[in-house]
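Reading the structure
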Amino acid sequence: MKALILVGGYGTRLRPLTLSTPKPLVEFCNKPILLHQLEALRQAGVDHVILAVSYMSEVLEGAMRTQEQRLGIRISLSHEKEPLGTAGPLALARELLTESSEPFFVLNSDVICDFPFTDLVRFHKHHGKEGSIVVTKVEEPSKYGVVVCEAETGRIHRFVEKPQVFVSNKINAGMYIFNPSLLHRIQLRPTSIEKEIFPVMAQDAELYAMELQGFWMDIGQPKDFLTGMCMFLQSLRVQHPERLHAGPGFVGNVLVDPSAQIGENCTIGPNVTIGAGVVVEDGVRIKRCTILKGSRIRSHSWLESCIVGWLSSVGQWVRMENVTVLGEDVIVNDELYLNGANVLPHKSIAESVPEPRIIM
Amino acid sequence: MLKAVILIGGPQKGTRFRPLSFEVPKPLFPVAGVPMIQHHIEACTKVPSMKEIVLVGFYQPNEALSRFLVSAQQEFKIPIRYLQEYAALGTGGGIYHFRDQILSGSPEAFFVLNADVCSEFPLPEMLAFQQQRGDPHSFVMLGTTANRKQSLNYGCIVANMETCEVLHYVEKPSTFVSEIINCGIYLFTPAIFQHIGEVFQRTQQELLLGACLGEESPNGWQRAEVIRLEQDIFTALAGRGKLYVYKTDGFWSQIKSAGSAIYASRLYLSQYSQCHPERLAPNSPEGPTIRGNVYLHPTASIDRSAVLGPNVSIGKGVMVGAGVRVRESIILHGASLQDHTCVLNSIVGWDSTIGRWARVEGTPSDPNPNDPYAKIDSETLFRDGRLTPSITILGCNVTIPAEVVILNSIVLPHKELSRSFKNQIIL
Ligand SMILES: Nc1nc2c(ncn2[C@@H]2O[C@H](COP(=O)(O)OP(=O)(O)OP(=O)(O)O)[C@@H](O)[C@H]2O)c(=O)[nH]1
Ligand SMILES: Nc1nc2c(ncn2[C@@H]2O[C@H](COP(=O)(O)OP(=O)(O)OP(=O)(O)O)[C@@H](O)[C@H]2O)c(=O)[nH]1
Ligand SMILES: [Mg+2]
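Fair warning: this is a prediction, and the values are worked out from it, not measured in the lab.

1. Details of the overall build of chain B
When helices and strands are tallied, chain B shows 9 helices and 34 strands. Scored against the burial criterion, the 427 residues of chain B give a buried share of 56%. For chain B, the distance from the average site of its 37 positive side-chain charges to the average site of its 38 negative ones is 4 Å.

2. Re the environment of B:Glu162
Structurally, B:Glu162 is set in the loop between β9 (155-159) and β10 (166-171). In sequence terms B:Glu162 and B:Gly395 are 233 residues apart; their C-alpha atoms lie 49 Å from each other.

3. Describing the layout of surface pockets
Over the atoms rolls a probe the size of a water molecule, and its path tells where empty space is left. Residues and elements named next belong to chain B. Counted as a void, the second largest pocket has a volume near 1,100 Å³. Lining the second largest pocket are 46 residues; nearest its centre among them are Lys13, Asn114, Asp116, Lys172 and Lys256. Among the elements of the structure, β1 (2-9), β4 (50-57), α3 (90-97), β10, β11 (180-188) and α8 (229-237) are those that each provide at least two residues to the lining of the second largest pocket. Of all the elements, β11 adds the most residues to the lining of the second largest pocket, at 4 residues. Residues that form the lining of the second largest pocket fall into these classes: 16 nonpolar, 17 polar and 13 charged. Here the lining of the second largest pocket gathers at least three residues from each of two domains, domain 1 (2-254) and domain 2 (283-426).

4. Observations concerning the UniProt feature "domain: Mannose-1-phosphate guanyltransferase C-terminal" (unreviewed entry) in chain A
Following the UniProt record, the feature "domain: Mannose-1-phosphate guanyltransferase C-terminal" (unreviewed entry) maps to residues 251-359 of chain A here. Annotation note: span residues 251-359 of chain A, helix share 0%, strand share 43%, distance between end C-alpha atoms 32 Å.

5. Side note on the site of ligand 2
All names here are of chain B. If you check the shell around ligand 2, you find 21 residues, and the closest are Lys13, Val56, Glu85, Gly90 and Lys172. A distance of 3.2 Å separates an oxygen atom of ligand 2 from a polar atom in the backbone of Leu89. In the complex, 83% of the free accessible area of ligand 2, which totals 620 Å², lies under the protein chains. When each cavity is represented as a set of grid points, ligand 2 is found to reside in the second largest pocket. At the level of elements, β1, β4 and α3 are the ones that each hand at least two residues to the shell around ligand 2. With 3 residues, β1 is the single largest residue contributor to the shell around ligand 2. Here the shell around ligand 2 is composed, by residue class, of 7 nonpolar, 6 polar and 8 charged.

6. Concerning the pairing of β9(B)
Residue and element names in this part refer to chain B. Note that β9 and β10 share 5 bridges and pair antiparallel. Across the sheet, the residue bridging to Cys156 is Val170, located in β10. The turn linking β9 back onto β10 is made up of 6 residues, and Cys164 within it adopts a positive phi angle of 65 degrees.

7. Things to note about the packing of helix α1 (residues 33-43) of chain A against helix α2 (residues 58-71) of chain A
All names here are of chain A. Look at α1 against α2: their axes get within 12 Å of each other, and the N-to-C directions meet at 30 degrees. Put simply, α1 runs roughly parallel to α2. Note on packing geometry: the crossing formed by α1 with α2 is right-handed. In contact with Leu34, Leu35, Leu38, Glu39 and Arg42 of α1, α2 contributes Leu60, Met64, Gln67, Arg70 and Leu71. Within the contact of α1 with α2, the residues separate by chemical class into 6 nonpolar, 1 polar and 3 charged.

8. Quick word on the nonpolar core
One finds B:Phe29, B:Leu55, B:Phe111, B:Leu123 and B:Ile347 to be the most contacted residues of the largest nonpolar core, which totals 76 residues. The dominant element in this core, judged by the number of residues it contributes, is helix α9 (residues 258-275) of chain B, at 9 residues. Three or more residues apiece are contributed to this core by two domains, here domain 1 (2-254) and domain 2 (283-426) of chain B. Ranked by size, the runner-up nonpolar core spans 42 residues in total, among them A:Val49, A:Phe123, A:Ile171 and A:Trp216.

9. Focus: the interface of chain B and chain A
Often the size quoted for an interface is simply the accessible area lost on bringing the parts together. With 20 residues of chain B in contact, the opposing surface of chain A contributes 19 residues. In total, about 1,400 Å² of surface goes out of reach between chain B and chain A, with carbon and sulfur atoms giving 46% of it. There are 5 salt bridges connecting chain B and chain A. Between A:Arg285 and B:Glu403 there is a salt bridge; the shortest N-O distance is 2.7 Å. Our count for the chain B to chain A interface comes out at 14 residue pairs in polar contact (both at pLDDT 80 or more). Residue composition of the side of chain B that touches chain A, grouped by class: 8 nonpolar, 4 polar and 8 charged.

Rules of the game
Residues numbered from 1 in each chain as written. Chains lettered and ligands numbered in written order. Predicted model: local features only at pLDDT ≥ 70, side-chain atom pairs only at ≥ 80, totals over all residues. Heavy atoms only, no water. Helix = DSSP H or I, 4+ residues; strand = E, 2+ residues; numbered from the N terminus. Buried < 20%, exposed > 50% of the residue type's maximum accessible area, 1.4 Å probe, protein only. Lys, Arg positive; Asp, Glu negative; His and termini not counted. Charge placed at Lys NZ, Arg CZ, Asp CG, Glu CD. 1 Å grid on protein atoms, 1.4 Å probe; cavity = no way out; pocket = protein on both sides within 12 Å on 5 of 7 lines; lining within 4 Å. Points joined across faces, edges and corners; volume = space filled by probe spheres on them. Nonpolar A, V, L, I, M, F, W, Y, C, P; charged D, E, K, R; others polar. Domains from an automatic or database assignment. UniProt positions renumbered as here; feature names shortened; annotations may be inferred. Near = heavy atom within 4 Å. Polar contact = N/O pair within 3.5 Å; in protein donor to acceptor, adjacent residues only side chain to side chain. Areas by Shrake-Rupley, 256 points an atom, 1.4 Å probe, with all protein chains shown as cover. Sits in = over half its atoms within 2 Å of the grid points. Pairing = 2+ DSSP bridges. Axes fitted to C-alpha atoms, helices over the stretch in contact; angles between N-to-C directions. Parallel < 35°, antiparallel > 145°, perpendicular 65-115°, else oblique. Left-handed = near helix turned anticlockwise from the far one by under 90°. Contact = heavy atoms within 4.5 Å. Core = buried A, V, L, I, M, F, W, Y, C linked by side-chain atoms within 4.5 Å. Buried area = accessible area lost by both parts, 1.4 Å probe. Salt bridge = Lys/Arg side-chain N within 4 Å of Asp/Glu carboxyl O.

As structure tokens, this is what we get:
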């Protein structure tokens, strides 16, 4: 089977991290975002993944060559000259997608969940129509476009953008499977699959929705990235508790790369991910944070709800909170307070940031 | 022989020093580890032939003051008395009321010192200056240089450049008069009481006259005795060949706001390195890391992994846990800083507790470091209806939970907080 992953955007909302690394390669719970999807796809029998990219990145290409080897699958990059939206890239990759007559998957690159690919194939074959999309329940549907479908079969009636009165609490989860016949509906021009293709398919009774069990999160911005991390670690707790770190000084779900070093008298957790080669010195308190590869957190600092970018250094007695995000190679001097700071890469910070702001 | 009078004010004064002045009379608030006026007393006792120190104020007799008197007399081996005014009589009224007591034993001269200043107290220099003048009856006030803008908050002195005679004196003018300001430290001869007496007689007569004419005196009879040295005496003495200014370049600051107590502590701590090195904590392998000047009370228990300074004063019985950081702060007796806390630019009240990994931080109100004549601004708490960022003050017996941040806030006594606070007064 084949899968096409939309990795086109610049990932502006995940800046400053995406100023250094293409979004698909940013580590989420110690694994590049894209790898979470590649591995789940392979598990479901996918042997050819097409990445639809709108900018060329040597780093991404290199990384994909490595993954081809590691996973034993074929990975193609389909490069568009101008951004083609969420449907146009399918037309561009038409040749690759029609090499066989099997249905293929299409994914948004920045959603995280227990990927239900095997179930989705079964669901899709069962109703036998052109497309199936995964939907997930949300608490506040008025913020999203919702999907109205038949309870029994999942047949989609219609889509409603940001409904003011309750019509449904199910939203598009960004994972689809289509028969190759779908490609007749798409032209090679910038097109939105959600707005221009799906409504027509629904009218034709060719589109079905499968409800996702378990957690789901679009991790395209820092706040949601952290929320998604909490969900992911909790699902690890249920499915693979042995991968989580336990012991004195660790609270709740904590993921620590084996090459990281943690000092004495620290309290880490709940909901913390510590990347490869990270050094956490003595007496540090961390909760609800992601610390990316090669960073150092110096003694007696306190971090909550932060993402610390690669190779950064956080000084002693620093307090960082409220979705502070440090880009790559940022230095935070001793004793500072960062509240909701968004710090661009290669920056050295010598003054506190008491109110949320961007540090150029 | 000589005497000294320290004007300590009373409970209605020092409101900018709240909530700390709720617990202890402001003159006894510890600055660089010792009560504010102990610095005055020590300076007085270094003047040869100093025979007695008199504190004048309108505090009710209280335990803190009595205990201080006992211990200071023991330490400095000099009689120290407290004389209580029946009401606030002003900076001149109090000494006039108690003139007989001050003059008993016939001192040739006496110093008068405001309690709420911090200074090098160049008292011997003032004496020598008076003697040089050749006029045994001249009065000397200590002056220092301020910048033009800030001079308006002080008593301003225009002096003859050669003779140093005070030609003109205005208290807190509304427009610029002079950058030489009054430090609140004076050397008087007994003749000062004639001048205060004249003012007293005149006001009393005016009040009598007013009463005969049926005018209701708004403040009652006693108010004839309310006399201000600055407005009522110095302004009149200026230009009459009586009053001289001795200018100092040594350190000097008022202590009005709590923030200025941290600044004053810094000034005194750096003075300790010359005159009281034993009061400064050393860096030793068994002890905590000390950066710059730090005063540690011998009974404080400090974990050796703590890092303290510069400008930190830690009081009696204070507990400082592992990995604690304190900078530019005063920690009052009985307080407890639990592991990994970070305290910056703050005053932590008596018996307060700060939980693990909490951060207590204020904004310093230091004078502009690029202006040698800048003074500390002791502004009011609010500007345009908003709390101005200031040092953080925790009143007595305040509890800060673990892991929160308290920023630019003032917490009144006996509060138990349950979350973070920023830029707030917590009642
Ligand atoms: N190939 C391709 N993919 C796209 C394009 N626009 C969006 N995508 C992808 O579609 C998915 C949803 O897009 P958005 O939620 O807008 O995310 P984004 O553009 O990556 O990031 P932001 O700049 O932060 O909005 C993501 O996986 C994007 O990578 C496009 O023009 N071409
Ligand atoms: N004994 C006594 N001392 C006083 C009295 N009023 C003020 N003082 C003290 O005299 C010193 C100067 O006080 P003030 O004149 O009120 O203060 P200031 O320096 O002019 O500053 P402001 O508070 O801004 O007016 C302080 O040490 C006071 O404690 C008083 O009525 N009696
Ligand atoms: Mg005054």
